[in-house]
Each structure stands twice: as C-alpha cells, then as structure tokens.
Amino acid sequence: MKLKTITFALALLTGVSACATRQSTETISLPLQETQGSQWFKLPTVAFQGKQDDVFFVNTDLGFYANGQGKIYRTTDGGITWNLVLDKPGTYFRALGMVDAKHGYAGNIGIEYFPGVTDETPLYETNDGGSTWQAVQGLPGKPMKGICAIDILKTQFINAGVLDQRTVIHAGGRVGSPAQLLRSLDGGKSWTQIDMSPWVSMIVDVKFFDEMNGVVFAGSDPQVANSHAQIVATHDGGKTWNKVYESKRQYELTWKGSFPSRDVGYATIQNYNPDKAEDQRYIVKTVDGGKTWIEMPLVKDFAVREFGVGFANVNLGWVGTTKGGFETRDGGLTWKPVNLGRYVNKIRILPDDKGSFNAYAIGADVFKFGIAPAALPSTKPAPDVAVGKP
C-alpha cells in the first residue's frame, strides 16, 4: 500500500439502513516530520548495471526490491541484509505492491519492449511473504501486455451499518502501450480490466484515493517522439476519465506521482527531445486533489531525465534523475542536488507510529532516508552505465 500520509476515515452512521453500503471519502491528513539526524544512505544491495524499478517496505524490518533481471530480493532486518527469493530470467519486474506481510504482487513489463524479455505473464502473486511467487490466473479481458505500476489502498466503508475495511488494488501498464488497467475491490480475489486506450496510450503510474476517485500518469502516444505528458482522472471508479493535464511539448510523458496529502500531489515529467536547446526540466503539482496541475521548473540541464518522485509531506520531497537526486523543502519552489543514488525510479515513504517516517529510493542502488546505523556491510557501487528506453 502506498503510505504517503496517515489517514483516518470519518463515517457518518446516521440514516444508514441495514442493507446499505457507503464509502466514506472524508479524511484528515497529518503531516509527517523527519527525525533529527535523518539522511540518505546506501543500503548493501547487489550491484546492478542500469536502473532498478521498485522497492516496497511493509514495515521497518520487512522489505522487497525487484529489477529487470527477473530478481526479487527480501530483507527482514530493515535492509542490512538481503536474500534473493525469486530469480526468473526473461522477466522484467517493474512494479511491487504488498497488501500485508504475507500477501503481495509483482508486475512484469512483458514482451516486445525490452530485448531479452520473454515472459508474457503480467502479474505475479505471493501468499507466503515472498518465499514463493505464482502467476495470477484468470485475469479478465484482453491479455494484459505488461505492468508498470501497482497501487494498493485499504479503505473503510459502511457495510450494513458496520464499519468495515476492503483492499482496493489497481495495476496499470504499460510504457510504450497498450494502456490497460486491472482493478480489484476484494484484495485480489477477483479482477476487472479497464481498457484505457480511449483516454491515454500508455500508463506509467496510478494512484487511487478511494474506490471511485483516482488518477493515472500517462503518455498520449505510443511513440515517444509524438507523445505529450498526460494525467487523467476518474470519479466513477474508472468507467470514465477526463484529462486534467497535458504538456504542450512533444517527446514527453509523465512518469511517477506522489500525493503527500489528499489535496497536494506531484509528478515527474520525462523529456526525450534530442534538441539540446530544449533543456528545461519540469515537475507538475496539484493543490486541489488532482483536478488541475501546474508546471514548476526542476532544473535547466539537458542531461537530466526525471524518474521517481516521493514527498513525505507537502513541502519535503525528492526527485530521482539520470544525474542523481534533487530535494525540495518548500513544496517544489526551489531544488538542490542530493545524493540518493542514480536513476532512482521509485521513492516510497513509510510512516511510523510517532509521526515521522523512513523513505526508500531505488535506482542503480537502493537508498534509505532515516537514521543511519553505526555500521553497514560494504558493497561495491553500481557501475555507471547509460539508461536508454523509459
């Protein structure tokens, strides 16, 4: 589950009949504060040539990361040591999402995009804490080509006058097209598929706030040279979507999004224009829950290509790029370089029960933002290689 804030659902019980079901969408957001002495530091992981794609911590001890070599690693000691739990050559794992310590999913980008990827299975599942992984069977609709993002949300609702909880899962893909979105309202027991091609050409990230309201980060054309960065939103559970942002420039797509509160969100804009004069890089920001977005400058540097984004609160956040990380402490108005590794594709925030948080970033290496332990096992840094296709 993507934990960007601590939320408490408020349910109004008055007037609910015994057979009624209603979703509460009112939330209170509590800002997370960094613990004094927190910093980014590299975790001892296996050196990787290129960009690794996702990391997910269930709690401060249990975490996973996955990469394009078909490997999934697990830690049970907060990232001090890691064990390889799955090795599937020919699979490109791009997305992870854990429902709890035992149950979770891994998304494969699929064939006909990256060379050497031969696995056509889009979604894998574990029910034993990552020790074993199986292909998810019986997915509906047209065969899913590949998955780039998994969003897991636990919501509270009124079920026949009783406050109940359900797990909502969305898995979307893929970069380069086609645009398809898997949806489950029962924690993965059953699925529906939404054909997103009427609205976007590719899906790179997805975020739902409740069962009915969500956004997809996308591109407008399968060919990057013709693509504009897009964000679309739904208010009816994915039946219909409306465009809430589109860049005016070609060679662009949105990559990853982060919502530190229900109202405030950020997304990275990737630019592949070969013209070196086109060197301004942007992020986009919303302050009305994704209804409208504004562009904000990140850095003026042709060599920068944006990847992951993560915000701990509405002011403090990070962006990963080809040239390392950037940090803001004023909601994206200003940015400064920060060492959180190269090619960071995903940044995840894990709140604790004290109003603070840890953060995790994965790219060529895996980094953690928190209190660094007194000693970490030494590992070789990842080799500096170019990253091409998104």
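Each remark here, short or long, concerns the structure printed above.
The structure contained in this document is the topic of the report that follows. (Residues numbered from 1 in each chain as written. Predicted model: local features only at pLDDT ≥ 70, side-chain atom pairs only at ≥ 80, totals over all residues. Heavy atoms only, no water.)

1. Topic: the overall build of the protein
Definition in use: Going along the chain from the N terminus, every DSSP run of H or I of four or more residues is numbered as a helix, and every run of E of two or more is numbered as a strand. The globule rule is 2.2 Å times the number of residues to the power 0.38, and the radius of gyration it is compared with is taken over C-alpha atoms. We call two residues in contact when some of their heavy atoms are within 4.5 Å. Calculation of accessible area relied on Shrake-Rupley with a 1.4 Å probe; when residues are assessed, cover is drawn exclusively from the protein chains displayed.
The helix and strand inventory of the protein stands at zero helices and 31 strands. Taken over C-alpha atoms, the radius of gyration comes to 20 Å for the protein, in line with the 21 Å a tight globule of 390 residues would show. For the protein, the C-alpha atoms occupy an extent of roughly 60 × 50 × 45 Å along the three principal directions. Of the contacts formed within the protein by residues at least 6 apart in sequence, a portion of 52% connects residues at least 24 apart. Surface summary for the protein: the accessible area is close to 15,800 Å², and the carbon and sulfur share equals 52%.

2. Structural notes on the sheet that holds strand β26 (residues 317–321)
Just so we agree on the cut-off: In short, DSSP must find at least two bridges between two strands for them to pair. Working convention: axes come from line fits to C-alpha atoms, limited for helices to the stretch in contact. Angles between N-to-C directions cover 0 to 180 degrees.
The strand order across the open sheet built from four strands is β25-β26-β27-β28, with neighbouring strands paired in antiparallel fashion. The open sheet has two edge strands, β25 (306–311) and β28 (336–338), and neither has a second partner. The sheet shows a mean angle of 30° between the axes of neighbouring strands, taken without regard to direction. Pairing of β26 with strand β27 (residues 324–328) involves five bridges; the strand directions are antiparallel. Along β27, the bridge assignment pairs Val-319 with Phe-326.

3. A short note on the nonpolar core
Note that soluble globular proteins tend to have their nonpolar side chains buried in a common cluster. The following threshold applies: To qualify as a nonpolar core, a set must consist of buried Ala, Val, Leu, Ile, Met, Phe, Trp, Tyr and Cys residues joined through side-chain atoms within 4.5 Å. The cut-offs for exposure are 20% and 50% of the maximum accessible area for each residue type, with area from a 1.4 Å probe on protein chains only; residues under the lower value are buried, those over the upper are exposed, and the others partly exposed.
Counting residues in each nonpolar core, the largest one holds 17 residues, and the members touching the most others are Ile-109, Phe-114, Val-175, Val-204, Leu-253 and Trp-255. Put simply, the parts of the chain that give this core at least two residues each are β17 (202–208) and β21 (252–258). What Phe-114 contacts, discounting residues up to four positions off in sequence, is Tyr-92, Arg-94, Ile-109, Lys-389 and Pro-390. Counting 14 residues, the second-largest nonpolar core is a separate cluster that includes Trp-40, Val-344, Ile-349 and Phe-369.

4. Thoughts on the environment of Tyr-105
Defined as follows: In protein, a polar contact requires one atom able to donate a hydrogen and another able to accept it; more generally it is a pair of N or O atoms within 3.5 Å, and residues adjacent in sequence count only if both atoms are side-chain atoms.
Following the sequence through the fold, Tyr-105 ends up in strand β10 (residues 104–108). By relative accessible area, which is 1% here, Tyr-105 ends up buried. The sequence separation of Tyr-105 and Gly-188 amounts to 83 residues, and the corresponding C-alpha distance is 9.3 Å. A distance of 3.1 Å separates a polar atom in the side chain of Tyr-105 from a polar atom in the side chain of His-103.

5. Details of the sheet that holds strand β6 (residues 63–66)
The strand order across the open sheet built from four strands is β5-β6-β7-β8, with neighbouring strands paired in antiparallel fashion. In this open sheet, the two edge strands, each paired with only one partner strand, are β5 (54–57) and β8 (83–87). Between one strand and the next, the sheet's axes are offset by a mean angle of 20°, whatever the strand orientation.

6. Focus on unusual backbone geometry
The amide bond that connects Gly-173 to the next residue, Arg-174, takes the cis arrangement and shows omega of -10°. As for its placement among the helices and strands, Arg-174 is situated in the loop between β14 (162–173) and β15 (180–184). Between Ser-177 and Pro-178 the backbone carries a cis peptide bond, its omega angle lying at 0°. Along the chain, Pro-178 falls in the loop between β14 and β15. Even without a glycine there, the phi angle at Glu-112 is positive, about 65°. Of note in this structure, Ala-160 is not a glycine but carries a positive phi near 55°. Its place among the elements puts Ala-160 in the loop between β13 (149–159) and β14.

7. What about the environment of Asp-77?
With respect to the element layout, Asp-77 can be found in the loop between β7 (71–75) and β8. Classification of Asp-77 as partly exposed rests on a relative accessible area of 29%. Taking C-alpha positions, Asp-77 is 32 Å from Arg-262, a pair spaced 185 residues apart along the chain.

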